[in-house]
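One letter stands for each residue in the lines below.
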Amino acid sequence: MGRHPSQSHDSERDASQSHDSERDASGEEPSETRLLADGSGSDLRAAFDGEPAFVPYLAVGDPDYESSLAYVEALERGGADAIELGLPFSEPIAEGSTIQEAVVRSLDAGMTPERFFEFVADLDVDVPLVCMTYYNLLYQYGGDEAESGPRPFVERAAAVGLSGFVVPDLPAEEAGPLREACDEFGLDLVSIVAPTTEDERLEKLVDISSGYLYVQARLGVTGADVAPSDQTAESLERLGEYDIPKAVGFGISDGEQAAEIVSAGADGIIVGSALVEIVAEGYEHDRPTDDVAANLEALASELKAGARRGGEQAVPRPDGS
Amino acid sequence: MSDAEGTTHDTGAPTRDPEPTPETGATRERVGDGKFGDYGGQYVPEALMPAIRELEDAYERYVLGNEDGFRDEFRRRIREFGGRPTPLQRADELSQRYDTDVYLKREDLLHGGAHKLNNALGQVLLAKYMGKERIVAETGAGQHGTATAMAAAHLGMPCEIYMGERDIVRQRPNVFRMKINGAEINEVTTGRGTLKEAISETMRDWATTVENTHYVIGSIVGPHPFPTMVRDFQALISEEAREQVLDQVGRLPDAVLACAGGGSNTMGAFHHFVDDDGVGLYAVEAGGSSLAVDEEEGVAPNSASLSTGTEGVLHGARTKLLQDGDGQIVESHSVSSGLDYAGVGPELAHLVDEERVQPVNVDDDAALEGFHRLSQREGIIPALETAHAFGYLEEHADELGDLVVVNVSGRGDKDLEAALEETEQRDIDNAPPMDELTGGL
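For the structure given in this document, a descriptive report is provided here. (Residues numbered from 1 in each chain as written. Chains lettered and ligands numbered in written order. Predicted model: local features only at pLDDT ≥ 70, side-chain atom pairs only at ≥ 80, totals over all residues. Heavy atoms only, no water.)

### Some thoughts on the overall build of chain B
Across its full length, chain B holds 19 helices and 16 strands. Residues counted as buried form 63% of the 441 residues belonging to chain B. In chain B, once contacts between residues fewer than 6 apart in sequence are set aside, the share between residues at least 24 apart is 72%. Of the accessible surface of chain B, which amounts to about 15,700 Å², a share of 44% is contributed by carbon and sulfur atoms. (Helix = DSSP H or I, 4+ residues; strand = E, 2+ residues; numbered from the N terminus. Buried < 20%, exposed > 50% of the residue type's maximum accessible area, 1.4 Å probe, protein only. Contact = heavy atoms within 4.5 Å. Areas by Shrake-Rupley, 256 points an atom, 1.4 Å probe, with all protein chains shown as cover.)

### Some points on helix α11 (residues 226-234) of chain B
Within α11(B), eight of the nine residues are buried, leaving the element largely enclosed by the surrounding structure. Among the residues of α11(B), those classed as buried are F226(B), P227(B), T228(B), M229(B), V230(B), R231(B), F233(B) and Q234(B).

### As for the packing of aromatic side chains
Residue and element names in this part refer to chain A. Counting across every chain of the model gives 21 aromatic pairs over all chains. For the pair F116 and F117, a centre-to-centre distance of 5.8 Å together with 65° between the ring planes defines the contact as edge-to-face. Neither residue differs from the other here; F116 and F117 are each classed as buried. Of the aromatic side chains, those joined through ring pairs into one cluster are F116, F117, Y141, F153 and F165. Above the face of the Y65 ring, R115 is positioned so that its terminal group lies 4.1 Å from the ring centre. (Phe/Tyr/Trp six-rings, centres within 6.5 Å; stacked < 30°, edge-to-face > 60°. Lys NZ or Arg CZ within 6 Å of the ring centre and 35° of its normal.)

### Some details on the interface of chain A and chain B
Contact residues are listed per partner, giving 44 residues for chain A and 42 residues for chain B. Buried surface at the junction of chain A and chain B, summed over both partners, amounts to about 3,600 Å²; 52% is from carbon and sulfur atoms. Three residues stand out in chain A for area buried against chain B, namely E91(A), I93(A) and E174(A), and they jointly supply 18% of the buried area on that side. The tally of links from chain A across to chain B stands at four salt bridges. Along the lines of polarity and charge, the residues of the side of chain A that touches chain B split into 21 nonpolar, 11 polar and 12 charged. (Buried area = accessible area lost by both parts, 1.4 Å probe. Salt bridge = Lys/Arg side-chain N within 4 Å of Asp/Glu carboxyl O. Nonpolar A, V, L, I, M, F, W, Y, C, P; charged D, E, K, R; others polar.)

### Focus: empty space enclosed by the protein
Residues and elements named next belong to chain B. According to the stated counting rule, one finds 14 cavities of 30 Å³ or more in the structure shown. The volume enclosed by the largest cavity comes to roughly 400 Å³. Taken together, 30 residues form the lining of the largest cavity, with H115, K116, G218, G338 and L339 sitting closest to its centre. Contributing elements (two or more residues each) for the lining of the largest cavity: β5 (134-139), α7 (143-155), α10 (195-209) and α13 (264-270). For the lining of the largest cavity, the per-class residue count stands at nine nonpolar, 17 polar and four charged. A domain split of the lining of the largest cavity shows at least three residues from each of domain 1 (44-74 + 116-230) and domain 2 (88-113 + 235-426). (1 Å grid on protein atoms, 1.4 Å probe; cavity = no way out; pocket = protein on both sides within 12 Å on 5 of 7 lines; lining within 4 Å. Points joined across faces, edges and corners; volume = space filled by probe spheres on them. Domains from an automatic or database assignment.)

### Describing a negative patch on the surface
Taken together, the side chains of D294(B), E295(B), E296(B) and E297(B) present a region of like negative charge at the surface. With respect to the helices and strands, the residue E295(B) is situated in the loop between β10 (280-288) and β11 (299-300). (Patch = residues over 30% accessible without salt bridge, like charges linked within 9 Å, V, L, I, M, F, W, Y side chains within 5 Å. Lys, Arg positive; Asp, Glu negative; His and termini not counted. Charge placed at Lys NZ, Arg CZ, Asp CG, Glu CD.)

### Here we look at the nonpolar core
Formed by 202 residues in total, the largest nonpolar core has its most connected members in F116(A), F165(A), Y212(A), I269(A), L296(A) and F270(B). The greatest single-element share of this core, amounting to nine residues, is contributed by helix α3 (residues 49-64) of chain B. When residues no more than four places from it in sequence are discounted, the contact partners of I269(A) are A53(A), F54(A), V55(A), V248(A), I252(A), A258(A), I261(A), V262(A), L303(A) and A307(A). In this structure, A91(B), F390(B), V404(B) and V408(B) belong to the second largest nonpolar core, which totals 23 residues. (Core = buried A, V, L, I, M, F, W, Y, C linked by side-chain atoms within 4.5 Å.)

### Here's the deal with the environment of E67(B)
All names here are of chain B. Take E67: it is sitting in the loop between α3 and α4 (70-80). Residues E67 and Y129, 62 residues apart in the sequence, show an inter-C-alpha distance of 9.6 Å. Leave out the neighbours within four places in its chain, and E67 touches R61, Y62 and Y129.

### A word on helix α9 (residues 199-208) of chain A
All names here are of chain A. Taken together, the buried positions of α9 are occupied by R201, L202, L205, V206 and I208. Along the long axis of α9, the arc covered by the buried residues comes to 165°, so they all point the same way. Among the exposed residues of α9, those oriented more than 90 degrees off its buried face are D199, E200 and E203. (Arc of directions from axis to C-beta.)

### Comments concerning the pattern of salt bridges
With the rule as written, the count across this model stands at 52 salt bridges over all chains. R97(B) is the partner of E394(B) in a salt bridge, and the nearest nitrogen-oxygen pair spans 2.7 Å. In this pair, E394(B) sits in helix α17 (residues 384-396) while R97(B) sits in helix α5 (residues 92-98), placing the two residues 297 residues apart along the sequence. According to the relative accessible area criterion, E394(B) is partly exposed, its value standing at 28%. On the basis of relative accessibility, which here comes to 37%, the residue R97(B) falls in the partly exposed class. A salt bridge links E422(B) to R426(B); the shortest N-O distance between them is 2.8 Å. Note on E422(B): relative accessible area 18%, which makes it buried. With relative accessibility at 26%, the residue R426(B) sits in the partly exposed group. Overlapping salt bridges bring together E173(A), R201(A), K204(A), E46(B), R53(B) and E56(B) as one network.

### So, the packing of helix α5 (residues 113-122) of chain A against helix α7 (residues 151-160) of chain A
Residues and elements named next belong to chain A. For the pair α5 and α7, interaxial distance at closest approach is 9 Å and the crossing angle is 20°. One way to sum up the angle between α5 and α7 is to call them roughly parallel. As α5 runs across α7, the sense of the crossing is right-handed. Two secondary-structure elements touch here, α5 through P113, E114, F117, V120 and A121 and α7 through F153, R156, A157 and V160. (Axes fitted to C-alpha atoms, helices over the stretch in contact; angles between N-to-C directions. Parallel < 35°, antiparallel > 145°, perpendicular 65-115°, else oblique. Left-handed = near helix turned anticlockwise from the far one by under 90°.)

### Considering the sheet that holds strand β16 (residues 403-408) of chain B
Residues and elements named next belong to chain B. Read across the sheet, six strands follow the order β3-β4-β16-β9-β10-β15 without closing on themselves; strand pairing throughout is mixed. Only two strands of the sheet have a single neighbouring strand rather than two, namely β3 (88-90) and β15 (357-363). Here the average twist between neighbouring strands, direction ignored, is 30°. As judged from the six bridges shared by strand β9 (residues 255-260) and β10, these two strands associate in the parallel manner. Its bridge partner being in β10, V256 is matched across the sheet by L281. Each of β3, β4 (101-106) and β16 touches helix α12 (residues 236-248); the most contacted strand, β4, lies at about 140° to it. (Pairing = 2+ DSSP bridges.)

This is how it looks when you write it as structure tokens:
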């Protein structure tokens with residue numbers, strides 16, 4: 001199916017990567033060079049086939065390894081179509097206070113890149129998983145002074161069954177080495193599009209992206225306290241012509257907003273801080289893991305239902321999806 | 001992705017605008033792509049990229065191209081408001097002590113008491129030319145914050161300063177100075193509450209307010225064009241020093257010494273000497289209490305990123321960093337909070353790799369001794385940051401040649417309390433007895 005040969009060692013997550021047959025839903029035969037660049041054939045892209053996708057985020061290891069496993073699995077039960085797993089970095093410059101605090105809890109509990117990979121391997125979920133982290137952790141992993149770069153990290157990520165990356169501090173200009181490594185191992189690189197992104201940069205971003213585009217719903221940092229802005233619809237309109245799923249994130253916290261965003265033309269929604277707040281609340285009040293997991297599942301279900309509702313209200317897109 | 005994209009890293013080819021417009025083509029070549037060897041670059045969230053581009057454009061037009069007379073106005077204001085040029089003074093006592101001609105570049109005499117104003121005034125003025133309405137800045141020890149607050153008051157710009165909660169406690173006098181100049185202080189409580197958290201928090205503010213706000217970064221760090229632009233503003237130091245030493249002594253120095261944290265006074269003092277092969281350039285880092293990194297605690301009891309750091313990406317640039325084996329950034333610590341930063345300017349990192357700049361360091365005790373020595377023998381109380389350069393001079397004067405220029409990057413008034421406290425805790429040979437020091441207080 002045109003998958004990169006080096007993907008074959010992904011067999012440990014075969015169940016989650018069995019969407020290949022849906023690749024050509026658009027009816028177009030992608031050219032050889034665009035095959036990976038536009039994400040055709042990727043399980044991340046396939047997560048957006050059919051109904052609007054719900055893509056939740058949690059910081060891995062928050063507040064501890066075992067609870068975090070239960071929390072991520074609860075998201076899948078709540079209807080997640082793909083999950084962004086945050087690998088905590090000490091300087092998370094794109095995160096608001098909610099996720100900053102999650103990062104501190106996770107690091108204090110001993111999370112490291114190696115533990116992160118173990119976590120991914122331990123997870124019992126069937127949806128594609130995206131690693132969200134900052135470039136220095138990718139850059140340092142497994143290398144030495146003579147041979148540093150993102151390749152060893154990407155190789156290991158592929159081996160444990162991750163499907164792609166979101167790297168908030170890596171703009172298109174610096175993304176060459178990571179894109180190359182992703183191509184080599186058949187992983188997706190998801191780019192963030194900001195309200196301030198000019199049209200001339202859009203093309204460049206779309207060019208290096210695969211899987212989906214992360215459309216930032218407003219300026220600023222992550223956080224549920226500031227709602228998406230009017231700029232979202234504008235961004236979606238500008239992106240309309242590009243054949244890659246658009247997932248909107250930053251500030252979405254309930255089913256109502258999810259419906260609104262999807263009806264404005266998004267192919268999916270990304271929700272982080274609102275979910276992390278549930279983890280934080282459970283940690284502060286020392287709640288049983290099962291209770292917190294149930295709360296996460298409930299909000300996930302609400303968000304997924306909202307996205308679905310939005311999809312029913314949405315004007316049909318030109319590609320018929 | 002295009003081929004050009006993929007090979008950028010290896011060939012040093014331009015990362016963008018393969019065909020510069022005629023108007024900017026000439027200066028683009030001078031600015032380059034913000035890479036110093038493999039260091040530098042623009043590792044920032046996408047939301048900031050347009051602002052970075054806008055700043056690059058403004059830097060090229062106003063700072064390099066003198067559009068609308070920017071450079072003339074900057075030079076006039078840094079002279080009239082700042083007090084430039086600062087003197088190059090022969091240190092008679094030290095010269096005799098080391099049997100070497102020692103000259104002091106007196107940046108401590110610049111308005112505000114440190115070299116920081118060169119950059120702060122330049123950037124606040126540039127923000128005005130760009131039509132920005134608001135200034136944000138980070139500060140660690142408070143020197144950059146006070147310089148930015150002064151420049152903003154001088155030019156009538158609203159100004160907010162991000163400062164770690166621990167630094168706010170440690171640097172109260174500077175907090176008052178900023179407030180008196182009309183700046184708003186935003187306390188940063190994340191992480192360990194020092195400089196690197198303050199930088200992260202300022203970047204978050206900027207990511208939200210980028211359309212009307214300029215971020216006045218305090219050193220030659222961060223994404224391109226900051227390292228190059230800040231260096232250009234600070235290069236007034238070596239521009240003057242080089243002329244002054246030729247004028248006063250008739251020859252170039254054998255060595256230039258400057259302390260190095262992020263590296264702005266360092267590159268400022270070195271820049272116009274870089275092409276003079278016979279001039280040794282010594283970046284003196286804070287060796288703190290030990291050169292090791294405590295991985296367990298995530299702390300480096302030093303800030304010697306040039307001497308001991310490894311390559312990585314922090315706050316928008318690839319450079320040498322103090323980090324653990326996983327790539328988590330560690331907290332740096334030395335007797336001088338102004339040097340405490342886990343990274344260093346990418347240009348300095350590159351010049352060290354090229355062996356043009358010697359990275360050296362002295363420990364906390366040597367810095368404190370340097371502080372007391374300059375105070376007693378030359379009548380100049382230096383900042384604890386600056387004192388590191390004099391610590392190195394004491395230990396290595398006989399290896400530095402016959403004519404040495406030391407950059408006195410700042411005065412020590414802000415450090416009196418810390419210096420006395422640290423002196424009391426240690427056995428500092430050349431300090432006056434503590435009861436004499438504190439008896440009258």
